[in-house]
Amino acid sequence: MSTLSVPPVLTSPRDDAVQLYRAFKGFGCDTAAVINILAHRDQTQRALIQQEYRAMYSEDISKRLASELTGKLETAVLLWMHDPAGRDALIVKQGLNPDKLDLEAATEVICSRTPSQIQHFKQVYYSRFGVYLEQDIENYTSGDLKKLLLAYVSIQRYEGLEVDREMAVRDAKHLYKAGEKKLGTDEKTFIHIFSERSRANLAAVASAYHDMYGNSLKKAVKSETSGYFEYGLLTILGCSENPAKYFAKELLTN
């Protein structure tokens, strides 16, 4: 799930609360009205709507939404009601639920977030669920995916735009030797570079890889890895090059 949001519109939280209450009245729910309001408000506005709704109607609007909506619409709208860090924590916790694992969702959230976003939702994760994110990753994932996720949530990567071109070239060479050049794959090298390099530097690695070997790093990842480990690497790579483009493609394919 992306952290991108719709630009907010100027409105009164009290008026929105009234309109939502009216959407819930009568036979069935006016889902168009619910979407029109909540999809066009930012997180601060939605928090104020929740406060107004509770004050006016003595009811938790999230519980009312859960009772009025169903399916994917219910899931999406309820996630809108959380702040970004809370939403990420909830999605990852649900994804790492041993009764119904959704490793794709958990992997996408973790591997598409910046280091500062990860640190924030890790704090929320622990305060809300009483367990460290690393513990759940350790318990409910395995193999190379586990190694990648543990590294990705633990390492403080640089978030600036500066690029070390010489290091990018070296990394491209290491990845080629660890993948396409050899029989089998050295997954440790992929984990090391993908989890430790900044987004800007990893994008430079991808560019250098293409210039040096005439093949995209994305294709190399697809040919050398598989499963959720491949998905995690591709998510990291896609978000390093253009997060908005990555999520736009994901929306079109899902």
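This one's a predicted model, so the numbers in the text were calculated from it and none came from an experiment. Residue positions are given per chain, counted from 1 along the sequence in the order it is written. A pLDDT threshold of at least 70 governs which residues receive local features in this predicted model, and a stricter bar of 80 or more applies before side-chain atom pairs are shown or counted, although totals over entire chains, interfaces and linings include all residues. Note that water and hydrogens are dropped before the side-chain values are worked out from all heavy atoms of the structure.

### With respect to the overall build of the chain
- Regarding its fold elements, the chain presents 16 helices and zero strands.
- By principal-axis analysis of the C-alpha atoms, the chain measures approximately 65 × 35 × 30 Å.
- Burial classes: relative accessible area under 20% of the type maximum marks a residue as buried, over 50% as exposed, and values in between as partly exposed (1.4 Å probe, protein chains only). Expressed as a percentage of the 254 residues in the chain, the buried residues total 43%.
- Here, residues are in contact when the closest pair of their heavy atoms is within 4.5 Å. The long-range share in the chain, meaning contacts at least 24 apart out of those at least 6 apart in sequence, stands at 67%.
- Each accessible area is a Shrake-Rupley result for a 1.4 Å probe, and residues are judged covered by the shown protein chains and nothing else. Of the roughly 13,400 Å² of accessible surface on the chain, 52% is carried by carbon and sulfur atoms.
- Only four residue types enter the charge count, namely Lys and Arg as positive and Asp and Glu as negative; His and the chain termini do not. For the purpose of locating charges, the reference atoms are NZ of Lys, CZ of Arg, CG of Asp and CD of Glu. Of the side chains in the chain, 32 bear a positive and 33 a negative charge, and the two mean positions are spaced by 1 Å. Strands are runs of DSSP state E lasting at least two residues, helices are runs of H or I lasting at least four, and both sets are numbered from the N terminus onward.

### Regarding the domain arrangement of the chain
- Domain limits in this description derive from either an automatic procedure or a database domain assignment. When cut into domains, the chain gives domain 1 (13-81), domain 2 (84-154) and domain 3 (165-251).
- Once you take the C-alpha centre of each, domain 1 and domain 2 turn out to be 27 Å apart.

### Let's talk about the environment of Ser 154
- By the secondary structure assignment, Ser 154 is in helix α10 (residues 143-154).
- The exposure class of Ser 154 is partly exposed, given its relative accessible area of 43%.
- With 35 residues separating them along the chain, Ser 154 and Gln 119 place their C-alpha atoms 8.6 Å apart.
- One polar contact links the side chain of Ser 154 to the main-chain carbonyl oxygen of Leu 150, over a distance of 2.7 Å. Polar contact is the term for a pair of N or O atoms within 3.5 Å; when the atoms are in protein, one must be able to donate a hydrogen and the other to accept it, and sequence-neighboring residues count only if both atoms are side-chain atoms.

### Details of unusual backbone geometry
- Even without glycine at this site, Ser 58 takes up a positive phi of about 50°.
- Along the polypeptide, Ser 58 turns up in the loop between α3 (43-57) and α4 (61-68).

### Here we look at the environment of Glu 241
- Checked against the element boundaries, Glu 241 lands in helix α15 (residues 227-241).
- Taking the relative accessible area as the measure of exposure, Glu 241 reaches 48% and is therefore partly exposed.
- Remark: the alpha-carbon pair of Glu 241 and Ala 203, spanning 38 residues in sequence, is separated by 5.2 Å.
- Residues contacting Glu 241, with those up to four places away along its chain left out, are Ala 203 and Ala 206.

### Side note on the side chain of Thr 189
- Within the secondary structure, Thr 189 sits in helix α12 (residues 187-196).
- Sequence-distant contacts of Thr 189, that is, excluding residues within four places in its chain, are made with His 174, Leu 175 and Ala 178.

### Quick look at the packing of aromatic side chains
- Ring pairs are drawn from Phe, Tyr and Trp, using the six-membered ring of Trp, whenever the two centres fall within 6.5 Å, and their geometry is named by plane angle: stacked under 30 degrees, edge-to-face over 60, tilted for the rest. This model, assessed by the stated rule, comprises ten aromatic pairs.
- Ring centres of Tyr 21 and Tyr 53 lie 6.4 Å apart, and the angle between their planes is 55°; on these two criteria the pair is classed as tilted. Of this pair, Tyr 21 sits in helix α1 (residues 13-24) while Tyr 53 sits in helix α3, and the two are 32 residues apart along the sequence.
- Using a relative accessible area of 26% as the deciding quantity, one classes Tyr 21 as partly exposed.
- Taking 3.9 Å as the distance between ring centres and 5° as the angle between the ring planes, the aromatic pair formed by Tyr 21 and Tyr 57 counts as stacked. One end of the pair, Tyr 21, is in helix α1; the other, Tyr 57, is in helix α3, and 36 residues separate them in sequence.
- One aromatic cluster is present, built from ring pairs that chain together Tyr 21, Phe 24, Tyr 53 and Tyr 57.
- Over the ring of Tyr 152 we find Arg 157; its NZ or CZ atom is 3.7 Å from the centre of that ring. Charge over a ring is defined by NZ of Lys or CZ of Arg lying within 6 Å of the ring centre and within 35 degrees of the ring normal.

### Observations regarding the side chain of Thr 141
- Mapping Thr 141 onto the fold places it in the loop between α9 (133-140) and α10.
- Setting aside residues no more than four positions away along its own chain, Thr 141 makes contact with Leu 96, Leu 103, Asp 136, Lys 146 and Leu 149.

### Some words on a positive patch on the surface
- Judged by side-chain charge, Lys 218, Lys 219, Lys 222, Lys 245 and Lys 249 come together as a positively charged surface patch.
- Only α14 (217-224) and α16 (243-253) provide two or more residues apiece to the positive patch.
- Its location among the elements puts Lys 222 in helix α14. Within the patch definition used here, like charges are joined within 9 Å and nonpolar side chains (Val, Leu, Ile, Met, Phe, Trp, Tyr) within 5 Å, considering only residues with over 30% relative accessible area and no salt bridge. Put simply, a salt bridge is a Lys or Arg side-chain nitrogen that is within 4 Å of an Asp or Glu carboxyl oxygen.

### A short note on α14
- Those residues of α14 that fall on the buried side of the exposure criterion are Leu 217, Ala 220, Val 221 and Glu 224. The arc enclosing the buried residues of α14, seen along the axis, measures out at 100°, which places them on a common side.
- Elements that come into contact with the buried residues of α14 comprise α11 (165-178), α12, α13 (199-213) and α15. Working definition: the arc comes from the directions between the helix axis and the C-beta atoms, pointing outward to the latter.

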